[in-house]
Amino acid sequence: MSGWKWAPQSQTTYAQVADELIDVGFANAATPLPDGVRDKVLPALKRYVFARKDHPGLNDWSLATWLRWPHIVVALPQASIGDGVERRIANLGLERKVGLRLPNWSTIGPALLRTNMFASQNALVFHHYPDLHALRIREPPIELPGLTFRVFWNARLEADPAQAWLRNIMIGCMEDLIPAASARIEQLA
């Protein structure tokens, strides 16, 4: 390992890990794990609904309100696995309005602060968000599926000391961060 590089997740990330082009990956655990790849599934994250503090829909919080206002969603490259929120809504025979599709989580907060949209997201998205005080957090009006991530690596390199060191750092950080983020957001919800 001569140099480190952070690459955004794509539809080829699992194949790149299997081919030893990427050392360690981090992704939604709903994706089937390919042959030659090992993983550590992390604790599930609960979803909350986030909105700007003056959002008019927060005065009458209900399922009808949640469905009436547009939502911000993140459209990731592995969209073939589907979004658990969309599946849950469809299974209930409901439909929500999508007002904005973003390429990553880092832009959700600024978009929420400037719109009357909702975002149904997990605690990690906003744990260190600098303007968290400007947002309001609500329990979803329907039960939404949790979001489970995994750290994954090439099975052939499982015993490699450098690989083990790197993935153990990632796993340890996430195992500390997930409960801390969840506790912080839960206190504010």
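I will try to describe carefully the structure that is included in this document. (Residues numbered from 1 in each chain as written. Predicted model: local features only at pLDDT ≥ 70, side-chain atom pairs only at ≥ 80, totals over all residues. Heavy atoms only, no water.)

**Considerations on the packing of aromatic side chains**
- For the coordinates displayed, the defined rule picks out 6 aromatic pairs.
- Note on W105 and F149: the rings are 6.2 Å apart at their centroids and 80° apart in plane angle, and the pair reads as edge-to-face. Of this pair, W105 sits in the loop between strand 5 (98–102) and helix 4 (108–113) while F149 is found in strand 8 (residues 149–154), placing the two residues 44 residues apart along the sequence.
- Judged by its relative accessible area of 29%, W105 falls in the partly exposed class.
- Note on F149: relative accessible area 7%, which makes it buried.
- Relative to Y129, the ring of F126 lies with its centre 5.6 Å away and its plane at 85°, an arrangement referred to as edge-to-face. With respect to class, F126 is no different from Y129; both count as buried. (Phe/Tyr/Trp six-rings, centres within 6.5 Å; stacked < 30°, edge-to-face > 60°. Helix = DSSP H or I, 4+ residues; strand = E, 2+ residues; numbered from the N terminus. Buried < 20%, exposed > 50% of the residue type's maximum accessible area, 1.4 Å probe, protein only.)

**Thoughts on the nonpolar core**
- Core analysis: the biggest nonpolar cluster contains 19 residues, and F50, I72, I108, L112, F126 and I185 have the highest contact counts within it.
- Mapped onto this core, the elements with two or more residues apiece are strand 3 (47–52), strand 4 (71–74), helix 4, helix 5 (123–126), strand 7 (135–138) and helix 6 (161–188).
- Not counting the four nearest positions on each side in its chain, I185 is found in contact with Y48, F50, A123, F126, L132 and I137.
- Formed by 12 residues, the second largest nonpolar core is a distinct cluster that contains V24, V151, I171 and M174. (Core = buried A, V, L, I, M, F, W, Y, C linked by side-chain atoms within 4.5 Å. Contact = heavy atoms within 4.5 Å.)

**What about the pattern of salt bridges?**
- For the coordinates displayed, the defined rule picks out 7 salt bridges.
- Ionic pairing is found between K46 and E186, a salt bridge with its closest N-O pair at 3.7 Å. Of the two residues, K46 sits in the loop between strand 2 (37–41) and strand 3 while E186 sits in helix 6, which places them 140 residues apart along the sequence.
- For E186, a relative accessible area of 38% corresponds to the partly exposed category.
- What emerges from the salt-bridge pattern is a single network uniting K46, E139 and E186. (Salt bridge = Lys/Arg side-chain N within 4 Å of Asp/Glu carboxyl O.)

**Here's the deal with the sheet that holds strand 8**
- Judged by pairing direction, the sheet is antiparallel, and its 3 strands sit side by side in the order 1-8-2 without closing on themselves. For this open sheet the edge positions go to strand 1 (24–28) and strand 2, each flanked by a neighbour on one side alone. Ignoring which end each strand starts from, the neighbouring axes of this sheet average 30° apart.
- Pairing geometry for strand 1 and strand 8, over 5 bridges, is antiparallel. If you follow N28 over to strand 8, its bridge partner there is F149.
- Contacting strand 1, strand 2 and strand 8, helix 6 runs over the sheet at an angle of about 30° to strand 1. (Pairing = 2+ DSSP bridges. Axes fitted to C-alpha atoms, helices over the stretch in contact; angles between N-to-C directions.)

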